Amino acid sequence: MVSRTSFRAGLAGLALMLLAPLVVHAADDSALRSLLMQFREAADFTEKTALVEKLAAQDHPRTAILLKALADSRLYYQADGDRVVIGLNDAPEMTIEDAVSGEALGQTGKRELDRVTANNRLRAMIENLLASLGLASADPKQRRAAVESFLRNPDPAGVERLKARQGVEPDKKIQELLTAALALVDLASEDATVRAPAATALGGWTQPEIRGPLLRAAADDSDPAVREAAKIALTKTEFRLQMLGWAETLFFGLSLGSVLILAAIGLAVTFGVMGVINMAHGELMMLGAYTTWLVQQWLPVNWSLPVAVPLAFLVTALVGIAIERGIIRFLYGRPLETLLATFGVSLILQQAVRSIFSPLNRSVATPDWMSGTILLGPLEVTLNRLVIVGFCIAVFALLWLVLQRTRLGLEVRAVAQNRAMARAMGVRSARVDALTFGLGSGIAGVAGVALSQLTNVGPNLGQNYIVDSFMVVVFGGVGNLWGTLVAGLSLGVANKLLEPWSGAVLAKILVLVFLILFIQKRPRGLFPQRGRAAEV
Amino acid sequence: MVLPRWLLADRAGLVLLAVLAVISIGIPVLNLLVPPDHPLHLTAYTVTVLGKYLCYALLAVAIDLVWGYMGILSLGHAAFFALGGYCFGMYLMRQIGTRGVYGDPVLPDFMVFLNWQELPWYWHGFDLFWFAALMVLVVPGLLAFVFGWFAFRSRVSGVYLSIITQALTYALMLAFFRNEMGFGGNNGLTDFKDVLGFSLQANETRIVLFVLSALALAGGYLLCRWLVSTRLGRVLVAIRDSEDRARFLGYRVERVKALVFTLSAMLAGVAGALYVPQVGIINPGEFAPLNSIEAVIWVAVGGRGTLVGAVVGAVLVNYAKTWLTGALPEIWLFALGGLFVAVTLLLPRGLIGLLRRREATT
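Residues numbered from 1 in each chain as written. Chains lettered and ligands numbered in written order. Predicted model: local features only at pLDDT ≥ 70, side-chain atom pairs only at ≥ 80, totals over all residues. Heavy atoms only, no water.

Quick notes on the overall build of chain A
Okay, so step 1: Scanning chain A from terminus to terminus reveals 20 helices and seven strands.
Okay, so step 2: Over its C-alpha trace chain A gives a radius of gyration of 32 Å, far above what one expects of a compact globule, namely 24 Å for 536 residues.
Okay, so step 3: If you line up chain A on its principal axes, its C-alpha atoms span 100 × 65 × 55 Å.
Okay, so step 4: Every one of the 536 residues in chain A was classed for burial, and the buried ones make up 45%.
Okay, so step 5: A separation of at least 24 residues holds for 66% of the contacts in chain A among residues at least 6 apart in sequence.
Okay, so step 6: Carbon and sulfur atoms make up 61% of the accessible area of chain A, which amounts to about 26600 Å² in all. (Helix = DSSP H or I, 4+ residues; strand = E, 2+ residues; numbered from the N terminus. Rg over C-alpha atoms; globule rule 2.2 N^0.38 Å. Buried < 20%, exposed > 50% of the residue type's maximum accessible area, 1.4 Å probe, protein only. Contact = heavy atoms within 4.5 Å. Areas by Shrake-Rupley, 256 points an atom, 1.4 Å probe, with all protein chains shown as cover.)

Overview of the overall build of chain B
Okay, so step 1: Each helix and strand counted, chain B has 15 helices and four strands in total.
Okay, so step 2: The C-alpha atoms of chain B give a radius of gyration of 21 Å, which matches the 21 Å a tight globule of 362 residues would have.
Okay, so step 3: Summarising its shape, the C-alpha atoms of chain B cover approximately 65 × 55 × 50 Å along the three principal directions.
Okay, so step 4: Per-residue burial over chain B gives 54% buried out of 362 residues.
Okay, so step 5: The long-range fraction of contacts in chain B, counting pairs at least 24 apart against all pairs at least 6 apart in sequence, stands at 77%.
Okay, so step 6: In the form shown here, chain B has an accessible surface area of approximately 16000 Å², with 66% of it arising from carbon and sulfur atoms.
Okay, so step 7: Averaging the locations of the 25 positively and 19 negatively charged side chains of chain B gives two centres separated by 15 Å. (Lys, Arg positive; Asp, Glu negative; His and termini not counted. Charge placed at Lys NZ, Arg CZ, Asp CG, Glu CD.)

Quick word on the interface of chain A and chain B
Okay, so step 1: Counting from both sides, the interface comprises 41 residues of chain A and, opposite them, 38 residues of chain B.
Okay, so step 2: Both faces considered, chain A and chain B share a buried interface measuring about 3600 Å² in area, 79% of it formed by carbon and sulfur atoms.
Okay, so step 3: At the boundary of chain A with chain B, the tally comes to one salt bridge.
Okay, so step 4: Residue Arg304(B) pairs with Glu337(A) through a salt bridge whose shortest N-O separation is 2.8 Å.
Okay, so step 5: One can count three residue pairs in polar contact (both at pLDDT 80 or more) joining chain A with chain B.
Okay, so step 6: Looking at the side of chain A that touches chain B, the elements that each hand over two or more residues are helix H13 (335-357), helix H18 (463-476) and helix H20 (504-521) of chain A.
Okay, so step 7: In terms of residue count, H13(A) provides more of the side of chain A that touches chain B than any other element does, 15 residues in total.
Okay, so step 8: Across the side of chain A that touches chain B, the residue classes break down as 28 nonpolar, seven polar and six charged. (Buried area = accessible area lost by both parts, 1.4 Å probe. Salt bridge = Lys/Arg side-chain N within 4 Å of Asp/Glu carboxyl O. Polar contact = N/O pair within 3.5 Å; in protein donor to acceptor, adjacent residues only side chain to side chain. Nonpolar A, V, L, I, M, F, W, Y, C, P; charged D, E, K, R; others polar.)

Comments concerning unusual backbone geometry
Phi is mostly negative for residues that are not glycine, and the peptide bonds are mostly trans.
Residues and elements named next belong to chain A.
Okay, so step 1: Notably, Ser 73 is not glycine yet its phi reads approximately 55°, a positive angle.
Okay, so step 2: Tracing the chain through its elements places Ser 73 in the loop between helix H3 (63-71) and strand S1 (75-78).
Okay, so step 3: In this structure, Ser 358 takes a positive phi of about 80° despite not being glycine.

Here we look at the packing of aromatic side chains
The description of an aromatic ring pair uses the distance of the two centres, along with the angle that the planes make with each other.
Okay, so step 1: Applying the stated rule across the entire model yields 32 aromatic pairs over all chains.
Okay, so step 2: Ring geometry for Phe475(A) against Phe518(A): centres 4.7 Å apart, planes inclined by 80°, an arrangement best described as edge-to-face. Residue Phe475(A) is located in helix H18, and its partner Phe518(A) is located in helix H20; the two are separated by 43 residues in the primary sequence.
Okay, so step 3: For Phe518(A), a relative accessible area of 13% puts it in the buried group.
Okay, so step 4: Consider the rings of Phe88(B) and Phe129(B), whose centres lie 5.9 Å apart with planes at 85°: the pair is edge-to-face. One end of the pair, Phe88(B), is in helix H4 (residues 77-96); the other, Phe129(B), is in helix H6 (residues 129-153), with 41 residues separating them in the sequence.
Okay, so step 5: Its relative accessible area of 8% is what places Phe88(B) among the buried residues.
Okay, so step 6: For Phe129(B), a relative accessible area of 33% puts it in the partly exposed group.
Okay, so step 7: Aromatic rings pair up to connect Tyr86(B), Phe110(B), Trp121(B), Tyr122(B), Trp123(B), Phe176(B), Phe183(B) and Phe287(B) into one cluster.
Okay, so step 8: Sitting over the ring of Tyr332(A), Arg419(A) keeps its end group 5.5 Å from the ring centre. (Phe/Tyr/Trp six-rings, centres within 6.5 Å; stacked < 30°, edge-to-face > 60°. Lys NZ or Arg CZ within 6 Å of the ring centre and 35° of its normal.)

Side note on the domain arrangement of chain A
Okay, so step 1: Taken domain by domain, chain A holds domain 1 (25-122), domain 2 (137-222) and domain 3 (245-535).
Okay, so step 2: A separation of 34 Å is found between the C-alpha centroids of domain 1 of chain A and domain 2 of chain A. (Domains from an automatic or database assignment.)

Comments concerning the pairing of S1(A)
Residue and element names in this part refer to chain A.
Okay, so step 1: Here S1 shows a buried face lined by Leu 75 and Tyr 77 and a second buried face lined by Tyr 76 and Gln 78.
Okay, so step 2: Inspection of the sheet shows S1 paired to strand S2 (residues 84-87) by three bridges, in the antiparallel sense. Within the sheet, the bridge partner assigned to Tyr 77 lies in S2 and is Val 84.
Okay, so step 3: Where S1 meets strand S5 (residues 113-115), three bridges bridge the pair, whose relative direction is antiparallel. Residue Tyr 77 lies in a different strand from S5, and its bridge partner there is Asp 114. (Pairing = 2+ DSSP bridges.)

Re the sheet that holds S5(A)
Residue and element names in this part refer to chain A.
Okay, so step 1: Taking strand neighbours across the sheet as the criterion, the five strands line up as S4-S3-S2-S1-S5 in an open arrangement whose pairing is antiparallel. If you trace the sheet from one side to the other, it starts and ends with strand S4 (104-109) and S5, each paired once. Each adjacent strand pair in this sheet contributes to an overall mean axis angle of 45°, direction not counted. (Axes fitted to C-alpha atoms, helices over the stretch in contact; angles between N-to-C directions.)

Here's the deal with helix H12 (residues 301-326) of chain A
Residues and elements named next belong to chain A.
Okay, so step 1: Along its 26 residues, H12 runs 36 Å from first to last C-alpha, staying within 8% of the 38 Å computed at 1.5 Å per residue.
Okay, so step 2: Along H12, the sharpest change in direction is near 35° and occurs at Ala 308; proline Pro 310 comes one to four residues later.
Okay, so step 3: Taken residue by residue, H12 has Ser 304, Leu 305, Ala 308, Ala 312, Thr 316, Ala 317, Gly 320, Ile 323 and Glu 324 as its buried positions. (Expected span 1.5 Å × (residues − 1). Bend = angle between axes of the 7 residues up to and from the residue.)

Looking at the packing of H13(A) against helix H12 (residues 289-302) of chain B
Okay, so step 1: At a minimum axis separation of 11 Å, H13(A) and H12(B) run at an interaxial angle of 125°. Comparing the axis directions of H13(A) and H12(B) gives the class oblique. Handedness of the H13(A)/H12(B) crossing: left-handed. On the side of H13(A), the interface is formed by Leu340(A), Phe343(A) and Leu347(A), while H12(B) contributes Leu290(B), Ile293(B) and Val296(B).
Okay, so step 2: Across the contact of H13(A) with H12(B), the residue classes tally to six nonpolar, no polar and no charged. (Parallel < 35°, antiparallel > 145°, perpendicular 65-115°, else oblique. Left-handed = near helix turned anticlockwise from the far one by under 90°.)

Describing the confidence of the model for chain B
Okay, so step 1: Of all residues in chain B, 99% attain a pLDDT of 70 or more, and the chain-wide mean is 90.
Okay, so step 2: Taking the mean pLDDT of every element in chain B, the minimum, 81, falls on helix H15 (residues 350-361) of chain B and the maximum, 95, on helix H11 (residues 253-279) of chain B. (pLDDT = per-residue confidence, 0-100.)

Remarks on a positive patch on the surface
Residue and element names in this part refer to chain A.
Okay, so step 1: On the surface, a cluster of positive charge is made up of Lys 172, Lys 173, Lys 236 and Arg 240.
Okay, so step 2: Counting only elements with at least two residues in the positive patch, the list comes to helix H7 (172-187) and helix H10 (224-273).
Okay, so step 3: With respect to the helices, strands and loops of the structure, Lys 172 is situated in helix H7.
Okay, so step 4: On the accessibility criterion, Lys 172 (66% relative accessible area) is exposed. (Patch = residues over 30% accessible without salt bridge, like charges linked within 9 Å, V, L, I, M, F, W, Y side chains within 5 Å.)

Re the nonpolar core
Okay, so step 1: Phe271(A), Met471(A), Trp67(B), Trp123(B), Leu189(B), Phe287(B) and Trp298(B) are the most contacted members of the largest nonpolar core, which totals 153 residues.
Okay, so step 2: If sequence neighbours within four positions are ignored, Leu189(B) has contacts with Tyr86(B), Gly89(B), Met90(B), Met93(B), Phe110(B), Trp123(B), Phe183(B), Gly280(B), Ile281(B) and Ile282(B).
Okay, so step 3: Core analysis: the second largest hydrophobic core is formed by 52 residues, Leu349(A), Phe357(A), Ile388(A) and Leu461(A) among them. (Core = buried A, V, L, I, M, F, W, Y, C linked by side-chain atoms within 4.5 Å.)

Let's talk about the pairing of strand S7 (residues 379-382) of chain A
Residues in a regular strand project their side chains so that they alternate between the two faces of the sheet.
All names here are of chain A.
Okay, so step 1: Where burial is concerned, the two faces of S7 differ: the one with Leu 379 and Val 381 is buried and the one with Glu 380 and Thr 382 is not.
Okay, so step 2: Two strands pair when backbone bridges link them, and strand S6 (residues 373-376) and S7 are joined in this way by four bridges, in the antiparallel orientation. Across the sheet, Leu 375 pairs through a bridge with Glu 380, a residue of S7.

Set out below in structure tokens:
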């Protein structure tokens, strides 16, 4: 019930939001139009100043846009009509839109238009007005942007506005930012007794606009008390920066780890559960990535991934089943031969892709909803990496459910533990083998979709991951999904922790050397399989 | 001439040695004495290519010793090959002297280019031929011994060992790609001028290198053949067939394995050292995991556990590679991949196995 009512309320809200500008501002539009027309009659800039103030007082969604256009000298009258337009470019045939409604009006020659002129005083005034409009905006994002633009360009004229806003600002974060902005102004004060507490208040802010002045104050302020306060404040900032750095490293490590897990988790099924070495695993990932590319040739980029994931699973699962039925089933119990045969398959797949799609890399586009950055607390992270971490967790959870909660999973585990006994109980082991291999291969394809968002898609994509993913499986302990998870994450984090100290390539080498040593010490991995299956 | 019994019993080996003897006399004759316009004349290029095959064959023999007789599938033997090659390449690099592009009497060109002021410590001594020749054996051998000692003592075996040998060569490849390592980074070592004062461009030097490769292959073959006919050789086969049983019978399995693995790595190093002056370059690409696996497939094609098969496989596959990459470059990887699949599925005993079976049935 609760969800239904809230859903209804949401719908109603949505409808209001859509209607609001139409209903409320229908009347205001004409007032705005006549106000704009008065600019034409304005004799001098004093009159225009008054008009600009009137314009800013209008509660209309286009107010900010109009002021900006006026400051940029992009506001025009149509010479033969009474319409005010905004020029969108500077071509001789200018693209214009209606100033009030924003309706696109096509292109007009520059001669048909009269520019509304502005001088520098007017522009400075408009900038201030825009800042206070931003501060007063109902949207917290715009308010934050207004304060941040003040930080970049602290203008004494804006101080009063900030102070006024500080009294009424409901958002706690913006309130803090406002305090910092005002402290930044105080830091430039003549009075040392004002500067010292301001420096203290600025501690912990990592923005370069705040840290820079603070660093200067700590270095060469005339007053020793201010220098001291700035130094103490800076230690706070540095500590915070360091913590942010660690958090960032950790996130990069998690992100790399989840890529490793995605690459290794399919192997954990084929190698771990079935004991089959599939050297073509990397090439199956490559096929998944190419599937994504193909889907993007047909579908808009934003919709491609939800289609590519199941399709890649299907394609690579079928290829995997073909490999199992055609080659691997003749080689059970001869792991070294399996290794060689599947390596041959990997060469064939590589060359096939090279012949069909050309040896050049293909660029796979990132959908809008995956590009850009997002704030996780104080940490700014790229959205595609975050999505891939989530995707990795989802794939892992799904695989876990399939293996633990479905009939197929039960049969897979039974065959893995004791093939003869499982057959005696009526499990068709040949079918289970094919399906398990298909499952592992399908997951490789899904991993390929994720990889296509991070790296170049080319015929060598798989080769770069095959050694790594085998190491993850072996490190975690063969036949243990959780081991793969822990191993992938810890290797990813270890790699990224080493990187700043040693460089990317050396970090990779060090991790490999560590793994080689680790396997000597514990040949069965972190979490060895126990019980009868382990002795085979 | 009296031959030891282990050699007399090995008919295929005698054929191989006879062939090697014939070519190491015949090919110099065809190259040096037959006039260039005669149809039987062999160009210096062909001699070099054949010499390259012989180096590959020696690498294949080294792999067959550990895989065919001891059951260790090493996917990192190209690393030992490349290390031997780098050791000898360093000697050739020091021989360039002032003839390099920058004319520095001590530093190789790439170090001058990177603005290095003095030779790194590990480059010292490589201006002496005997030291470099010794290092060709010591460096791969030492790595193989340390690696093998730890791996075999912890009883890492089967596919696990294969995977970590692959990781080893992969890590070495990444390391040698780094300029800071001091081995020329991406470009490797190249632009060699002469060896022991003989120009590498001269026909005669190439002939001598070819004959040396043939001798090294014959020597490597005889060493391995002798080894597998001794009591130690029997232990090897016992380990391959049942490691636990060999251990319970009282053999120190890990010592035997480490010893033979080291010997095999040294043979691979020698092959690499002979390879470098003939092709004129050594770069980190030689460490690529694909190279090691390709070498394994030579052995599989010829028939593992036969030693002669390794030589046959290496020469045949590489001949096919030279021919196909020239004539139909698109097809080569298809063919190689197909070869992997076909040999494991249809020819588990290789070409030699096929011949032997035919002999047995007739």
